[in-house]
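Chain and residue survey
Spelled out, the chains give:
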Amino acid sequence: MPDLQFFFKQFRHFLSDKKQVWTVCLLLAAAVIPRIRALDWGMPLKYAHIDESVTTFYALRVLAGDPNPQVFFDYPGLFLYLLAFVFRLLIWMNPSFTVSNALEGYLHGDSVFFTMTGRMLNVGLSVLTVLLLYRIGRRWGNPFVGITAAGLLVVNRLHVLHSHYAMVDIAAVLISLLAIERILEFYETRHMRSGIWASFLIGLAAATKYYPGILVLFLLPAPFLISTHKPFKTVCLVVLFCTAGFALGSPYSFLSYHMFLDRFMHLFPKIFGMPGGSSGVILLPTVHHLYNNAGILTGLFGLLGIASSFKANSAIWKLMGAMFLVLFLFFGIWNIQLEHYALLLYPLLFLFAAKSLTFLSRFHHLLPGMASVLLIFSFLPATCRQLTIISEEDTRLTAIAWIRQNIPDSSQIL
């Protein structure tokens with residue numbers, strides 16, 4: 001009889017795990033759908049989005065054999081190298097297509113292959129971010145927290161929109177979340193291996209877009225807070241592996257340090273500058289973006305989750321709460337506070353919103369699930385509107401068609 005009870009218990013666990021696997025698979029499939037919708041927006045324009053055209057151009061320089069970004073240190077080098085690697089891999093897979101042919105087509109105005117490759121790469125990285133967020137939520141919360149947080153990211157307008165651009169932001173969020181996961185693991189397990197991985201990933205994240213370097217502030221005091229053996233040695237290792245990760249991802253920041261410093265110090269005062277910049281406004285633009293992209297309900301549940309994390313017994317959730325607040329203050333004092341600059345805040349906010357929904361089970365066991373569905377569906381109108389907008393024919397293409405139809409080639413008007 002005990003053996004039979006054990007069998008049924010294991011079978012229930014199996015069904016539960018299998019149900020979660022299917023749920024996660026559905027989440028990932030749902031993440032793909034809005035991210036591939038209208039992915040070809042602006043094509044075949046070479047400069048459909050000026051920033052992604054610049055990123056593509058410098059990735060093509062790497063493909064052509066020059067890994068040095070020269071004066072272009074607006075972004076570090078890791079995403080450029082990754083994009084160039086994917087370009088070369090796809091060209092290698094097509095025997096009738098060579099690098100010289102591809103570059104010749106680009107020079108004659110055909111950038112569709114390269115732009116669409118970069119966008120498809122970001123779709124893949126975006127879906128991986130959804131999976132990673134589920135894993136973090138499940139590990140330090142429960143399956144409900146992981147599924148709800150991931151579900152919110154699946155339909156979030158800002159994350160969906162930037163999955164349509166061949167730019168660095170999606171990759172930066174993914175690698176930053178990987179670093180955050182390892183930081184949390186280091187605090188929990190005190191294993192040096194986790195601390196080293198966290199340090200290295202912070203360096204890689206900073207080599208994708210500079211701002212994730214601030215995550216090192218949560219790692220440097222860790223050896224003292226968790227009482228590791230030889231804490232000063234551990235701090236030295238943290239600095240060493242952070243530097244190694246950044247050097248591996250953006251080596252010419254060191255090899256051409258004079259050009260890197262010239263460009264970095266030119267951009268730093270413009271984007272970061274003094275708190276509030278010339279307008280003197282701090283935090284409010286970032287709060288406004290959070291309100292627009294997360295909504296009032298998700299924002300309130302997220303704030304409730306953050307507040308409750310500091311009262312909870314879990315040191316991990318307290319640490320995550322501190323991370324969110326520090327990152328929020330960090331982004332909120334920038335001179336320029338564009339909505340995608342603080343993209344990393346949203347996965348963390350969704351984790352706290354999902355965590356706070358579990359408190360509703362005190363009133364009725366069905367309430368957390370119902371509230372989760374409500375929050376996810378509340379994101380759909382804004383995301384659908386955004387997809388509708390980018391699905392429409394680009395007005396630049398309409399203008400070009402009108403000119404070709406109404407102005408003779410021999411005309412001197414233009």
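Here, the structure is the one placed above.
Before going into details, it helps to say that this report is about the structure given with it. Quantities reported herein were computed from a predicted structural model and do not represent experimental measurements.

1. Focus on the packing of aromatic side chains
- Counted under the stated rule, the structure contains 23 aromatic pairs.
- Geometrically, the ring pair formed by Tyr210 and Phe264 is edge-to-face, given 5.1 Å between the ring centres and 80° between the ring planes. Of this pair, Tyr210 sits in the loop between helix 9 (192–206) and helix 10 (216–219) while Phe264 is found in helix 14 (residues 257–271), placing the two residues 54 residues apart along the sequence.
- In this structure Phe264 comes out as partly exposed when scored by relative accessible area, which is 24%.
- An aromatic cluster of at least three residues, connected via ring pairs, comprises Phe73, Tyr210, Phe260, Phe264 and Phe268.
- Sitting over the face of the ring of Tyr106, Lys46 holds its NZ or CZ atom 4.1 Å from the ring centroid.
- The positively charged end of Lys355 is found above the aromatic ring belonging to Trp317, 5.3 Å away from the centroid.

2. Brief notes about helix 4 (residues 99–107)
- Buried within helix 4 are the following residues: Ala102, Leu103 and Tyr106. Take helix 4 and look down its axis: the buried residues cluster within an arc of 95°, on one side only.
- Packing partners of the buried residues in helix 4 comprise helix 2 (50–63), helix 3 (78–93) and helix 5 (112–140).
- Gly109, located one to two residues past helix 4, shows a positive phi value of around 100°.

3. Concerning the nonpolar core
- With 111 residues, the main nonpolar core has Ile183 and Leu351 as its most contacted residues.
- At 13 residues, the largest contribution of residues to this core is made by helix 8 (residues 169–189).
- Ile183 has contacts with Ala198, Ile202, Leu215, Phe218, Leu219, Leu319 and Met323, leaving out every residue within four places of it along the chain.
- Residues Phe73, Tyr81, Ala84 and Phe260 belong to the second largest nonpolar core, which totals 6 residues.

4. As for the environment of Gly245
- Its place among the elements puts Gly245 in helix 12 (residues 231–249).
- With 136 residues separating them along the chain, Gly245 and Gly109 place their C-alpha atoms 36 Å apart.
- Excluding anything up to four places from it in sequence, Gly245 contacts Phe200, Gly203, Leu204 and Ala207.

5. A closer look at the side chain of Thr208
- Its location among the elements puts Thr208 in the loop between helix 9 and helix 10.
- Residue class for Thr208 comes out buried when judged on its relative accessible area of 0%.
- Reaching out from Thr208, the side chain makes a polar contact with the backbone oxygen of Leu204 at a distance of 2.9 Å.
- Excluding its chain neighbours within four sequence positions, the residues that come into contact with Thr208 are Tyr75, Pro76, Leu78, Phe79, Val168, Ala171, Ala172 and Ile175.

6. Some remarks on helix 16 (residues 315–332)
- Under the 1.5 Å per step criterion, the end-to-end length of helix 16 is 25 Å for 18 residues, consistent within 8% with the ideal 26 Å.
- For helix 16, the set of buried residues is Ile316, Trp317, Leu319, Met320, Gly321, Met323, Phe324, Leu327, Phe328, Phe330, Phe331 and Gly332.
- For helix 16, the secondary structure elements touched by its buried residues are helix 5, helix 6 (143–154), helix 8, helix 10, helix 15 (284–309) and helix 17 (345–357).

7. Some thoughts on the layout of surface pockets
- Looking at the largest pocket, its volume works out to about 930 Å³.
- Lining the largest pocket are 36 residues, with Asp74, Lys209, Tyr210, Tyr211 and Phe264 positioned closest to its centre.
- Counting residues per element, the lining of the largest pocket draws most heavily on helix 14, which supplies 7 residues.
- Residues belonging to the lining of the largest pocket are distributed by class as follows: 26 nonpolar, 4 polar and 6 charged.

8. What to know about unusual backbone geometry
- In the segment running from Met43 into Pro44, the intervening peptide bond is cis, with an omega of 10°.
- The residue Pro44 is located in the loop between helix 1 (2–36) and helix 2 in this model.
- Positive phi values are uncommon outside glycine, yet Lys230 reaches one of about 55°.

9. Considering the packing of helix 9 against helix 12
- Helix 12 packs onto helix 9 with a crossing angle of 35° between their chain directions and a minimal axis gap of 7 Å. The two elements helix 9 and helix 12 meet at a crossing, and its hand is right-handed. Where helix 9 approaches helix 12, its residues Met192, Ile196, Ser199, Phe200, Ile202, Gly203, Leu204 and Ala206 are matched on the opposing element by Thr234, Leu237, Val238, Phe241, Cys242, Ala244, Gly245, Phe246, Leu248 and Gly249.
- In the contact of helix 9 with helix 12, the residues fall into 13 nonpolar, 5 polar and no charged.

10. Some points on the packing of helix 8 against helix 16
- Axis separation between helix 8 and helix 16 bottoms out at 10 Å; the angle between their running directions is 140°. In terms of orientation, helix 8 and helix 16 fall into the oblique class. Considering how the two elements wind past one another, helix 8 and helix 16 form a crossing that is right-handed. Contact residues: Ile180, Ile183, Leu184, Tyr187 and Glu188 in helix 8; Ile316, Leu319, Met320 and Met323 in helix 16.
- The residue makeup of the contact of helix 8 with helix 16, split by class, is 8 nonpolar, no polar and 1 charged.

Cut-offs used in this document
Residues numbered from 1 in each chain as written. Predicted model: local features only at pLDDT ≥ 70, side-chain atom pairs only at ≥ 80, totals over all residues. Heavy atoms only, no water. Phe/Tyr/Trp six-rings, centres within 6.5 Å; stacked < 30°, edge-to-face > 60°. Helix = DSSP H or I, 4+ residues; strand = E, 2+ residues; numbered from the N terminus. Buried < 20%, exposed > 50% of the residue type's maximum accessible area, 1.4 Å probe, protein only. Lys NZ or Arg CZ within 6 Å of the ring centre and 35° of its normal. Arc of directions from axis to C-beta. Contact = heavy atoms within 4.5 Å. Core = buried A, V, L, I, M, F, W, Y, C linked by side-chain atoms within 4.5 Å. Polar contact = N/O pair within 3.5 Å; in protein donor to acceptor, adjacent residues only side chain to side chain. Expected span 1.5 Å × (residues − 1). 1 Å grid on protein atoms, 1.4 Å probe; cavity = no way out; pocket = protein on both sides within 12 Å on 5 of 7 lines; lining within 4 Å. Points joined across faces, edges and corners; volume = space filled by probe spheres on them. Nonpolar A, V, L, I, M, F, W, Y, C, P; charged D, E, K, R; others polar. Axes fitted to C-alpha atoms, helices over the stretch in contact; angles between N-to-C directions. Left-handed = near helix turned anticlockwise from the far one by under 90°. Parallel < 35°, antiparallel > 145°, perpendicular 65-115°, else oblique.

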